[in-house]
Amino acid sequence: MTPLDQWLADATRGLSAESAARVREEIQQHYDSACEAGGDALAALGNPRAANRAYRKVLLTEQEAMMAPALTQRKRSHRGVLLSSALLVAFVWWLAGKHRYPGFWPITVAIFCTIPFTWFFPPTTLERSRIYLYVHGLRNILVMGIAWWYDGWIGALILGAMFFGLDYVFTYRIWLIFRKLAAGQTYSLLPEEPQLTHVEAIYLNTLRKEGGAAENVPVSMLFLMLAGMTVWMSATFAPMAIWTAAGYLTRRTLPIYTEKRSRWLRIARWTTMVVAAVLPPLYGARAPWVGAVLLAWFFLLLDKPGISLRRKLPVAEWPKRLYW
Amino acid sequence: MNLRGTLPTLILEAIERHPDHGYSIAQRIKERSSGVLDFKEGTLYPALHKLELEGTVESYEGVEKGRTRRYYRITKAGRAELAKGRQEWGEVSRAVTLILKKA
């Protein structure tokens, strides 16, 4: 690997295939011209990590390219609307059982008031995503205002930090993706394997790249989140935390990488998941099953692309992650 | 000297008269400032892409000495942005000069 290849590898880390190709092309052209003119062409390029940070802001990243087809081709699904309404009602009911202070309902209504709009006017264009950016900003100010009225500054600041943080991760990111797409940036539409959908192909690509130190960050975040939830509501989340930890340890310590063993492991995983969801009401925890079912639903959603990949790909082509 | 935040205006100025490619834009900025304004060339392209996102420049592929290159040209919105950048810089520079002269 030449020093320029190393510079390019660092500068294009995390970018989508198309963005990385464009960076390689323009930097190679620049480098060739600089070499012809004499001087230290590589030193003149500067720090590749600084360039990478700047590129991620203006070119589609791998994660954004993964989100893009789901955003641009989003269709209104009656089943999805019904399901998310049911989950929303269940979630609010569950929260209502936990909190009994006067600010609960005004704050809950303010938090969820924008959700019905996304069912009928999903943010599928640059203009709509910009509108949602403003709408969510106003909603967050309203939530902070109500929290300040009932709880004072501390409550307002906690909720403000939480919701502005969430909107930075989701709403702002969605707007940024549309902005990049509007400038003519593209992402691959055709997966390498013709039987796979775009989302499945990108998910497979992500699984094939797994193993670096960076992948351990979301796992540690998940464990931190589960630990926090277990301390907060042990009856609901302790079985789920144990289930996740056991699964994590099993796949790292036991030889599960054959089709048969993998099937048994997955059967055991989902059986214990059901047990983990059913267990809390059995030992008398107050209405915690909604929380456990919501968490189980979340895990099922995470596992969904993996389930279809196992059906469509021959076992010989499975990456390690598909075995569990 | 690296004047943070002025690179977009300098890029727009460099391509105001005719479109150019990245390497030539970098060299022109360095030459016209007699080497005083120095920046890492790896950050030039993210700045060009940002201008493209904002609609102040457009890019297209061209050929120079048999080699394919990406050229950048200023748009109408880019000219307006450049005029605004020139005016703002004029005000800032006058104010800083006034303060430093008094000192």
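Everything numeric in this text was worked out from a predicted model, so none of it was measured. (Residues numbered from 1 in each chain as written. Chains lettered and ligands numbered in written order. Predicted model: local features only at pLDDT ≥ 70, side-chain atom pairs only at ≥ 80, totals over all residues.)

### With respect to the overall build of chain B
On a plain count of helices and strands, chain B comes out with 4 helices and 3 strands. Starting at the N terminus, the α and β elements of chain B follow one another as α-β-α-α-β-β-α. Evaluated residue by residue, chain B yields a buried proportion of 31% over its 103 residues. When contacts within chain B are restricted to residue pairs at least 6 apart in sequence, those whose partners lie at least 24 apart make up 51%. (Helix = DSSP H or I, 4+ residues; strand = E, 2+ residues; numbered from the N terminus. Buried ≥ 20, exposed ≤ 12 C-beta atoms within 10 Å, placed from the backbone. Contact = placed C-beta atoms within 7 Å.)

### Some thoughts on the interface of chain B and chain A
Of the residues lining the interface, 14 residues belong to chain B; the matching set on chain A comes to 20 residues. Counting residues per element, the ones that place at least two in the side of chain B that touches chain A are helix H2 (22-32), helix H3 (44-54) and strand S3 (67-74) of chain B. The greatest single-element share of the side of chain B that touches chain A, amounting to 6 residues, is contributed by H3 of chain B. Taken together, the residues of the side of chain B that touches chain A break down into 4 nonpolar, 4 polar and 6 charged. (Nonpolar A, V, L, I, M, F, W, Y, C, P; charged D, E, K, R; others polar.)

### Quick notes on the pairing of strand S2 (residues 57-64) of chain B
Residues and elements named next belong to chain B. Of the pairings in the sheet, the one linking S2 to S3 comprises 8 bridges and is antiparallel in character. Directly across from valine 57, in S3, lies its bridge partner isoleucine 74. Joining the antiparallel neighbours S2 and S3 is a turn of 2 residues, in which lysine 65 adopts a positive phi near 50 degrees. (Pairing = 2+ DSSP bridges.)

### Some points on the confidence of the model for chain A
In the predicted model, chain A carries a mean pLDDT of 79, and the fraction of residues at 70 or more is 83%. Mean pLDDT in chain A bottoms out at helix H13 (residues 216-232) of chain A, which sits at 70, and peaks at helix H4 (residues 48-58) of chain A, which reaches 91. (pLDDT = per-residue confidence, 0-100.)

### Concerning the nonpolar core
Ala11, Leu15, Val23, Tyr55, Leu59 and Ala65 of chain A are the most contacted members of the largest nonpolar core, which totals 21 residues. Broken down by secondary-structure element, the contributors of at least two residues to this core are helix H1 (3-11), helix H2 (17-37), H4, helix H5 (62-72), helix H11 (171-182) and helix H12 (198-209) of chain A. Filtering out sequence-adjacent residues up to four positions away, leucine 59 of chain A remains in contact with Leu15, Ser19, Lys180 and Gln185 of chain A together with His49 of chain B. By size, the runner-up hydrophobic cluster in this structure holds 19 residues, among which are Ala34 of chain A together with Ile15, Ile25 and Tyr71 of chain B. (Core = buried A, V, L, I, M, F, W, Y, C linked by C-beta atoms within 7 Å.)

### Side note on the pairing of S3 of chain B
Across a regular strand the side chains alternate sides, sitting on one face of the sheet and then on the other. The sheet contact formed by strand S1 (residues 20-21) of chain B and S3 of chain B spans 2 bridges and is antiparallel. Among the inter-strand pairings, aspartate 20 of chain B is bridged to a residue of S3 of chain B, identified as tyrosine 72 of chain B.

### Topic: H3 of chain B
Along H3 of chain B, the residues that are buried comprise Leu44, Tyr45, Pro46, Leu48, His49, Leu51 and Glu52 of chain B. Of the residues trailing H3 of chain B, glycine 55 of chain B is marked for its positive phi of about 80 degrees.

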